[in-house]
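# Coordinate inspection notes
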Amino acid sequence: MKKILVPTDFSSCAANALNFVVQTAKLYPLEINLLHVVDITDRYYSERMDLIQESLKAISDEANKNLSQVKASIAETEFVTVHTFLREGAVEETILQLTEALEIDMVVMGTFGINGLQDRIWGSRTAGLTGKTKVPLMVVPYEYNWKIPEKLLFATSHFEEDNNVLQEIAGLLEIFKAVLDVVVFTDEDTADASVFLEHGMNMAEYERKLKKKFNTQSLTTAHLSGHEFEDSLQDYIKSNDIDILAMITYQRSVWDRVFHPSVTRRMSYHTTIPLLVIPATKINS
């Protein structure tokens, strides 16, 4: 993980996500790419094109000034590489396009978390990207206060062994020198007795495999079940002092009921700690 894209609307919510990246870059060399998108998708309906262009220029000039100020403020105190980008267009589409064009390794955005402000624009932008990026998306809650993460939780709905997925988690463990908890979640509303039995019986073997893959003994596994996924996960996070949560989004699979992007999107509203959303297109049989 070397190239990070941080979209911003210059709000305190977006600034907190940027701070997370800057602080991380002090521990591990990262290239920060700061992006602001002037959203022109639903703002202008005037037939006076001259007025539209004049308005856009004023907005773009102000945004460019803000980008320069943010970059300069970081340069004053930190030895961190920051590139700035100003674009016009649809926000989500522009983020996805630039992610691909710059060969970004991770996108980091802010959200308003549990404040109940789901209608706030930037938090909604962040949630809207969940499950759409081809690279991991880190969601940083507005009220999150930076600390070096010591404990990471990987939540999965089955016994995930995909190397690409596990490498993303291993990368964060290396950066922060953190330990790992892994929970396998079983939905009590949809799973039958055989699923509960299978999950319970396989936990010890799964832990052994993960310790081998991560080359560590500092790893704990647990079988987690409940009626509400978000509530069960939040209880575990609070009880075990978790600093970062990692989840996978599966597209159109038998695991949709648990890890469909809509569930992860809801978690982005509820989480009190940074949430790493890892995209995946396949599951283990």
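The structure displayed is predicted, hence computed values, not measured ones.

### As for the pairing of strand β6 (residues 151–156)
The element β6 is extensively covered by neighbouring structure, given that five of its six residues are classed as buried. The sheet contact formed by β6 and strand β7 (residues 179–187) spans six bridges and is parallel. Note that in β7 the partner of Phe 154 across the bridge is Val 182. Of the crossover connections in this fold, the one passing from β6 over helix α5 (residues 163–176) to the parallel β7 is right-handed.

### Here we look at the pattern of salt bridges
Between side chains of opposite charge, pairing is possible as soon as their charged atoms come close. For the structure shown, the criterion picks out eight salt bridges. The partner of Asp 243 in a salt bridge is Lys 147, with the nearest N and O atoms 3.3 Å apart. Taken together, the residues span a long stretch of sequence, with Asp 243 in the loop between α7 (229–239) and β9 (244–250) and Lys 147 in the loop between β5 (137–141) and β6 at a distance of 96 residues. Given the relative accessible area of 9%, Asp 243 is considered buried.

### Thoughts on the environment of Asn 16
With respect to the helices and strands, the residue Asn 16 is situated in helix α1 (residues 12–25). Other than its neighbours up to four places away in sequence, Asn 16 contacts Val 140, Pro 141, Tyr 142 and Tyr 144. From its side chain, Asn 16 meets the backbone oxygen of Tyr 142 in a polar contact 3.2 Å long.

### So, the packing of aromatic side chains
A full pass over the atoms with the stated rule returns five aromatic pairs. Judged by centre distance (6.3 Å) and plane angle (55°), the ring pair of Trp 146 and Phe 176 falls under tilted. Taken together, the positions of Trp 146 in the loop between β5 and β6 and Phe 176 in helix α5 put the pair 30 residues apart, joining distant regions of the chain. Classification of Trp 146 as partly exposed rests on a relative accessible area of 24%. Residue Phe 176 is classed as buried on the basis of its relative accessible area, which comes to 5%. A network of ring pairs unites the aromatic residues Phe 20, Tyr 144, Trp 146 and Phe 176 as a single cluster.

### Points about the side chain of Asn 33
Mapped onto the elements, Asn 33 comes out in strand β2 (residues 31–39). Those residues in contact with Asn 33 that lie beyond four places of it in its chain are Lys 3, Ile 4, Leu 5, Val 6, His 83, Phe 85, Leu 102 and Ile 104.

### Looking at the packing of α5 against helix α6 (residues 193–214)
Think of two packed helices as two axes; the pair is described by the angle between the axes and how far apart they sit. Contact geometry for α5 and α6: axes closest at 11 Å, N-to-C directions at 65°. You can see that α5 and α6 cross each other, and the crossing is right-handed. Of α6, the residues touching α5 (which contributes Asn 163, Leu 166, Ile 169, Ala 170 and Leu 173) are Leu 210, Lys 213 and Phe 214. In the contact of α5 with α6, the residues fall into six nonpolar, one polar and one charged.

### A closer look at the nonpolar core
Soluble globular proteins tend to pack their nonpolar side chains together in the buried interior. If you look at the biggest cluster of nonpolar residues, it comprises 45 residues, and the most contacted ones within it are Ile 32, Met 138, Phe 154, Ile 169 and Leu 180. For this core, the leading source of residues is α5, giving seven residues. The contacts of Met 138, once residues within four sequence positions are left out, are Phe 20, Met 106, Val 107, Val 108, Met 109, Leu 172, Ile 244, Pro 274, Leu 275 and Leu 276.

### Remarks on the pairing of β2
Counted residue by residue, β2 has eight buried out of nine residues, so it is predominantly covered. Taken together, the five bridges between strand β1 (residues 3–7) and β2 define a ladder with parallel strand orientation. If you follow Ile 4 over to β2, its bridge partner there is Ile 32. Pairing analysis gives nine bridges linking β2 to strand β3 (residues 81–89), with the strands arranged parallel. Directly across from Val 37, in β3, lies its bridge partner Arg 87.

### What about the confidence of the model for the protein?
On average, residues of the protein score 82 in pLDDT, and 80% of them reach the 70 mark or higher. For the protein, per-element mean pLDDT is lowest for helix α8 (residues 256–259), which scores 42, and highest for β1, which scores 96. A low-confidence stretch, residues 113–122 stays under pLDDT 50, and its non-local contacts, those more than four residues away or across chains, total 24 contacts. Counted against residues more than four places away or in other chains, residues 252–261, with its pLDDT under 50, gives 31 contacts.

Conventions used here
Residues numbered from 1 in each chain as written. Predicted model: local features only at pLDDT ≥ 70, side-chain atom pairs only at ≥ 80, totals over all residues. Heavy atoms only, no water. Buried < 20%, exposed > 50% of the residue type's maximum accessible area, 1.4 Å probe, protein only. Helix = DSSP H or I, 4+ residues; strand = E, 2+ residues; numbered from the N terminus. Pairing = 2+ DSSP bridges. Right-handed = clockwise from strand over helix to strand, strands pointing away. Salt bridge = Lys/Arg side-chain N within 4 Å of Asp/Glu carboxyl O. Contact = heavy atoms within 4.5 Å. Polar contact = N/O pair within 3.5 Å; in protein donor to acceptor, adjacent residues only side chain to side chain. Phe/Tyr/Trp six-rings, centres within 6.5 Å; stacked < 30°, edge-to-face > 60°. Axes fitted to C-alpha atoms, helices over the stretch in contact; angles between N-to-C directions. Left-handed = near helix turned anticlockwise from the far one by under 90°. Nonpolar A, V, L, I, M, F, W, Y, C, P; charged D, E, K, R; others polar. Core = buried A, V, L, I, M, F, W, Y, C linked by side-chain atoms within 4.5 Å. pLDDT = per-residue confidence, 0-100.

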